[in-house]
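# Summary of structural features
Listed here are the chains, written in short residue letters.
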Amino acid sequence: MTAETTGVRFDCDGPVATVTLCRPDVLNAQTPAMWRAMSDFSRDLPGDVRVVVVRGEGRAFSAGLDLAVAGATGPGSFAELAAMPEAECADRIAGYQDGFTWLHRPDVVSIAAVQGHAIGAGFQLALACDMRVLAADAKLSMAEVTLGLVPDLAGTRRLVELVGYSRALEICATGRRMDAAEADRIGLATLVVPNDELDGAVRDLSAGLLANNRDAIIEIKALLAGAAVRSHAEQQRAEREAQTRRIRDLAGRGE
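Here the structure is a predicted model, which means the values were calculated and not measured.

Calculation notes
- Residues numbered from 1 in each chain as written.
- Predicted model: local features only at pLDDT ≥ 70, side-chain atom pairs only at ≥ 80, totals over all residues.
- Heavy atoms only, no water.
- Pairing = 2+ DSSP bridges.
- Helix = DSSP H or I, 4+ residues; strand = E, 2+ residues; numbered from the N terminus.
- Phe/Tyr/Trp six-rings, centres within 6.5 Å; stacked < 30°, edge-to-face > 60°.
- Buried < 20%, exposed > 50% of the residue type's maximum accessible area, 1.4 Å probe, protein only.
- Domains from an automatic or database assignment.
- Contact = heavy atoms within 4.5 Å.
- Buried area = accessible area lost by both parts, 1.4 Å probe.
- Salt bridge = Lys/Arg side-chain N within 4 Å of Asp/Glu carboxyl O.
- Polar contact = N/O pair within 3.5 Å; in protein donor to acceptor, adjacent residues only side chain to side chain.
- Nonpolar A, V, L, I, M, F, W, Y, C, P; charged D, E, K, R; others polar.
- Core = buried A, V, L, I, M, F, W, Y, C linked by side-chain atoms within 4.5 Å.

## As for the sheet that holds strand 8 (residues 178–179)
Here we have three strands laid out as an open sheet, ordered 5-7-8, and mixed in their pairing. Because the sheet does not close on itself, it has two edges, and the strands there are strand 5 (117–119) and strand 8. When strand 7 (residues 139–141) meets strand 8, the two strands line up antiparallel, connected through two bridges. The residue of strand 8 that forms the bridge with L140 is M178.

This is how it looks when you write it as structure tokens:
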């Protein structure tokens, strides 16, 4: 499958892999074929990749679901999903989620480079990443409710973790758009930069990650990712155990 047929291009440059949504003529509107391609790519990711950058070609990150596909009658359409038994429909959606959730994997740090619109599925793709670098013109919206739908691409928990339940409910239930300044203020953005500095900021962030010990970063990511569901005592134990592994490994006594 090629970028022309899937709408996604994959590139690896040593320890940095880049996922580029490449349908700029439709503001990188997403389709099930794109989600399958991203899931397939995750299974073939080279073992030396440490950073994954997700970006959109052209003036937008992603305008969300491609309604021309969803509103048709073929594969991936609402009509096809509605005709399935409930369990089969849910299983199909689980496959779509795989195109997003691999960005959570513990052995890589994922960065979304967001310019222009990140709407619906586009917003959820940015949320799937560990960090979000926003250009000043970024516009974010969880717009599924405007179609009578719910966010279903693994974005709801990430949103609550970042901004809290009340703010997440307001964002999802209104479908309103927010600009980069607000996204930064409420904790959705890792960085906000001028549009012409987006690529450089992502390169600098990637370089900062690559400058440090990979195994230490893997341990740090696991500690922070699980912190919200652990008690204070459990988190402190997790820190002790992780540090023991690092000390033993640095002394050449690791497994």
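## Focus on the packing of aromatic side chains
Counting across every chain of the model gives four aromatic pairs. Taking the centre distance of 5.9 Å and the plane angle of 80° together, the rings of F41 and W102 count as edge-to-face. Taken together, the residues span a long stretch of sequence, with F41 in helix 2 (residues 32–43) and W102 in the loop between helix 5 (86–101) and strand 4 (109–114) at a distance of 61 residues. Accessibility expressed as a relative area gives 12% for F41, which makes it buried. W102 gets classed as buried once you look at its relative accessible area, which sits at 7%. The structure contains a cluster of three or more aromatic residues connected by ring pairs, namely F10, F41 and W102.

## Side note on the domain arrangement of the protein
When the parts come together, some accessible area is lost, and that loss is often what is quoted as the size of the interface. Assigned domains of the protein: these are domain 1 (1–209) and domain 2 (212–249). Here domain 1 and domain 2 have C-alpha centroids that lie 27 Å from each other. Each partner contributes residues to the interface: domain 1 has 15 residues there, and domain 2 has seven residues. For the pairing of domain 1 and domain 2, the buried interface totals around 800 Å² over both sides, and the portion due to carbon and sulfur atoms is 43%. In this structure, D130 engages K221 in a salt bridge whose closest nitrogen and oxygen atoms are separated by 2.8 Å. The interface formed by domain 1 and domain 2 holds ten residue pairs in polar contact (both at pLDDT 80 or more) in total. A class-by-class count of the residues in the side of domain 1 that touches domain 2 yields six nonpolar, three polar and six charged.

## Observations concerning the nonpolar core
In terms of nonpolar packing, the biggest core is built from 47 residues, with V52, L159 and L188 touching the most fellow members. If one sorts the elements of this core by residue count, helix 6 (residues 121–128) sits on top with six residues. Residues contacting V52, with those up to four places away along its chain left out, are A17, V19, L45, W102, L103, V108, V109, S110 and I111.

## Points about the side chain of R55
Note on placement: R55 falls in strand 3 (residues 51–56). At 3.0 Å, the side chain of R55 forms a polar contact with the side chain of D199.

## Re the pattern of salt bridges
A full pass over the atoms with the stated rule returns 15 salt bridges. Here D11 and R9 are joined by a salt bridge, their closest N and O atoms 3.7 Å apart. Taking the relative accessible area as the measure of exposure, D11 reaches 37% and is therefore partly exposed. R167 is paired through a salt bridge with E170; the nearest N and O atoms lie 3.5 Å apart. Of this pair, R167 and E170 both sit in helix 8 (residues 165–174), three residues apart, which is roughly one turn of that helix. A single network of salt bridges, built from pairs that share partners, joins R167, E170, R176 and E182.

## Topic: the pairing of strand 6 (residues 131–135)
Counting buried positions over the five residues of strand 6 gives five, a clear majority of the element. Alternating residues of strand 6 divide into M131, V133 and A135 and R132 and L134, and every residue in both groups is buried. Bridging between strand 4 and strand 6 involves four bridges; their strand directions are parallel. By the bridge assignment for strand 6, A112 is matched with R132. Pairing analysis gives three bridges linking strand 6 to strand 9 (residues 191–193), with the strands arranged parallel. By the bridge assignment, V133 is partnered in strand 9 with L191.

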